[in-house]
Amino acid sequence: MSQVLPAEGDLRRVIGDGEALPDGEVEGLTPTDLLGLYHDLVLLRTYDERSVVYHRQGRIGTYAIFWNHEAMQVGSAFALEERDWIFPSYRESAIGLLRGMPVSTVLSWWRGHPVGWWNPEDYNVASICVPIATHVPHAVGLAWGYRLKNEDRVAIAYFGDGATSEGAFHEGATFAGVMKAPVILFCNNNQWAISTPLEAQTAAPTLADKAIGYGIPGVRVDGGDVLAVYEATREAVARARSGAGPTFIEALTYRAAPHATADDPSSYIDAERVEEEKENECVGRFERYLLRAGLLTEERRDEIKQAALEVMREGIAEAEAEPPADPALVFEHAYADPPPSQAEDLAELRRALGG
Ligand SMILES: Cc1ncc(C[n+]2csc(CCOP(=O)(O)OP(=O)(O)O)c2C)c(N)n1
Ligand SMILES: [Mg+2]
């Protein structure tokens with residue numbers, strides 16, 4: 001018989017503020033694990049900050065900034081094994097780096113170059129999903145399939161607050177609950193869907209409350225707290241592996257950067273709230289936690305940051321060294337029997353590109 005657990009109203013938290021709010025800790029994490037988490041946070045932060053610069057320099061196309069979303073991505077991915085599958089949205093475009101994907105691959109994706117499309121089986125990371133929520137049923141189906149094959153693998157799908165209003169989310173969550181798919185539905189609730197605020201998105205008191213309707217446990221966690229995110233995801237993974245089925249995780253944050261490089265949020269966002277969020281951003285929060293615990297020195301911190309910058313420099317050089325793609329690729333696989341006009345279109349495109 002299924003048991004419907006109520007959503008937990010309070011946000012889980014582990015990291016304190018160095019003052020009135022005490023630091024907690026997560027059982028089972030070694031100092032090496034904690035430094036590994038910090039390394040991953042810095043890698044993603046550096047990727048994101050450099051990408052905004054590369055965009056401004058015209059070296060990559062429109063880019064979905066994930067500044068201050070790193071703790072959600074790193075904390076949750078750390079709770080998975082390599083055999084588990086990740087289904088990212090555009091907001092988690094660089095999550096493959098945590099699985100050893102080269103920086104140049106992700107940069108190439110944002111450059112619109114075909115080498116930016118990897119084989120998902122190489123990393124157990126699905127293609128970056130731009131249509132909102134359509135990857136949720138994919139993740140559920142894959143996880144369910146592994147369950148049918150008695151393979152011990154789980155899947156995680158990342159999506160935003162806005163995605164919970166989509167039909168594909170509803171279909172995926174319904175299926176996950178009924179089939180007890182070993183899947184984690186990870187919602188980055190940054191409280192904005194481009195310019196649509198959370199209160200216009202749903203009348204539900206919390207997004208985790210939605211989970212009840214699918215017979216899925218819903219948990220809420222502070223999305224800026226990498227340790228709380230890790231702990232919540234670890235529990236969800238254990239539940240999935242045990243055969244108890246899916247978990248919905250609502251990780252709460254506030255979008256501190258524009259939706260993407262093409263967006264100007266000044267006309268709709270709460271600037272004061274953004275400033276508060278920037279003060280308390282997730283990488284700095286964990287860095288201070290480690291410094292307080294004596295697990296990180298300022299010297300080591302600077303080394304980790306320098307190394308990440310170097311990885312990015314090499315990555316962009318590698319992406320830019322790639323020869324331009326053949327324009328014919330735009331037309332290939334579009335038709336079984338291409339119309340005669342396609343050859344003219346291609347010739348025109350080649351002329352326009354000066355080739
Ligand atoms: C099916 C679909 N409808 C609309 C869009 C246009 N769109 C791109 S991002 C976005 C907002 C999504 O917000 P949310 O789910 O909260 O994710 P966030 O961008 O905040 O991470 C929309 C509506 C889309 N990409 N796909
Ligand atoms: Mg959002």
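The shown structure was predicted, so the numbers you read here are calculated from the model rather than taken from an experiment. (Residues numbered from 1 in each chain as written. Chains lettered and ligands numbered in written order. Predicted model: local features only at pLDDT ≥ 70, side-chain atom pairs only at ≥ 80, totals over all residues. Heavy atoms only, no water.)

A. View of the overall build of the protein chain. A tally of helices and strands in the protein chain yields 13 helices and seven strands. On C-alpha atoms alone, the protein chain measures out to a radius of gyration of 21 Å, which is about the 20 Å that the 2.2 N^0.38 rule sets for 355 residues. Considered along the principal axes of its C-alpha atoms, the protein chain spans approximately 65 × 55 × 45 Å. Scored against the burial criterion, the 355 residues of the protein chain give a buried share of 51%. Of all intrachain contacts in the protein chain linking residues separated by at least 6 positions in sequence, the fraction that spans at least 24 positions is 76%. Surface exposure of the protein chain reaches about 16500 Å², of which carbon and sulfur atoms provide 52%. Taking the average location of the 31 positive side-chain charges in the protein chain and that of its 55 negative ones, the two points are 2 Å from each other. (Helix = DSSP H or I, 4+ residues; strand = E, 2+ residues; numbered from the N terminus. Rg over C-alpha atoms; globule rule 2.2 N^0.38 Å. Buried < 20%, exposed > 50% of the residue type's maximum accessible area, 1.4 Å probe, protein only. Contact = heavy atoms within 4.5 Å. Areas by Shrake-Rupley, 256 points an atom, 1.4 Å probe, with all protein chains shown as cover. Lys, Arg positive; Asp, Glu negative; His and termini not counted. Charge placed at Lys NZ, Arg CZ, Asp CG, Glu CD.)

B. Main features of the sheet that holds strand β6 (residues 218-222). The strand order β1-β2-β3-β7-β6 describes an open sheet built from five strands, whose pairing is parallel. Taken across any chain shown, the strands that pair with only one partner, and hence form the sheet edges, are β1 (85-87) and β6. Between one strand and the next, the sheet's axes are offset by a mean angle of 20 degrees, whatever the strand orientation. Where β1 and strand β2 (residues 155-160) come together, three bridges link them in parallel fashion. Paired with I86 across the bridge in β2 is I156. (Pairing = 2+ DSSP bridges. Axes fitted to C-alpha atoms, helices over the stretch in contact; angles between N-to-C directions.)

C. Main features of the site of ligand 1. Taken together, 15 residues sit near ligand 1, with Y90, R91, D161, G162 and W192 positioned nearest. Contact between ligand 1 and A163: an oxygen atom at 3.0 Å from a main-chain N or O atom of the residue. Taking N188, its side chain carries an N or O atom lying 3.3 Å from an oxygen atom of ligand 1. Computed on the free molecule, ligand 1 has an accessible area of 580 Å², of which 71% lies beneath the protein chains in the complex. Partitioning the shell around ligand 1 into residue classes produces eight nonpolar, five polar and two charged. (Near = heavy atom within 4 Å. Polar contact = N/O pair within 3.5 Å; in protein donor to acceptor, adjacent residues only side chain to side chain. Nonpolar A, V, L, I, M, F, W, Y, C, P; charged D, E, K, R; others polar.)

D. Spatial organisation of the coordination of the magnesium ion (ligand 2). For the magnesium ion (ligand 2), every protein donor is listed as D161 (OD), N190 (OD1) and W192 (O), and the spread of their distances is 2.1 Å. The sequence pattern formed by the donor residues of the magnesium ion (ligand 2) is D-x28-N-x1-W. Taken together, the residues D161 in the loop between β2 and α6 (167-179) and W192 in strand β4 (residues 192-193) connect sequence positions 31 residues apart. Look at D161 and you get buried, because its relative accessible area is 1%. Judged by relative accessible area, W192 falls into the buried class, the value being 10%. (Donors = N, O, S within 2.8 Å, 3.2 Å for Na, K, Ca; no water.)

E. Expanded view of the pairing of β6. Most of β6 is tucked away, with five of its five residues classed as buried. Alternating residues of β6 divide into G218, R220 and D222 and V219 and V221, and every residue in both groups is buried. Bridge count for β6 against strand β7 (residues 247-252) is five bridges, and the pairing is parallel. Each residue of the ladder has a partner; that of D222, found in β7, is L252. Regarding the hand of the β-α-β motif, the stretch spanning β6, helix α9 (residues 226-241) and β7 is right-handed. (Right-handed = clockwise from strand over helix to strand, strands pointing away.)

F. The nonpolar core, seen in detail. Of all hydrophobic cores here, the largest spans 77 residues; its most connected members are Y47, L107, W110, V226, L227 and F286. Element by element, the count of residues in this core is highest for helix α1 (residues 31-56), at 10 residues. The next biggest cluster of nonpolar side chains, apart from the first, holds 27 residues, and it includes W85, A126, A163 and I216. (Core = buried A, V, L, I, M, F, W, Y, C linked by side-chain atoms within 4.5 Å.)

G. Representation of helix α5 (residues 135-148) in the model. The terminal C-alpha atoms of α5 lie 20 Å apart, and with 14 residues this matches the ideal 20 Å at 1.5 Å per residue to within 8%. Buried within α5 are the following residues: H135, V136, A139, V140, A143 and Y146. What you see down the axis of α5 is that its buried residues fit within an arc of 145 degrees, all on one side. Where α5 is buried, its residues touch β1, β2, α6 and β3 (183-189). Positive backbone phi, approximately 55 degrees, marks N150, located one or two places after α5. (Expected span 1.5 Å × (residues − 1). Arc of directions from axis to C-beta.)

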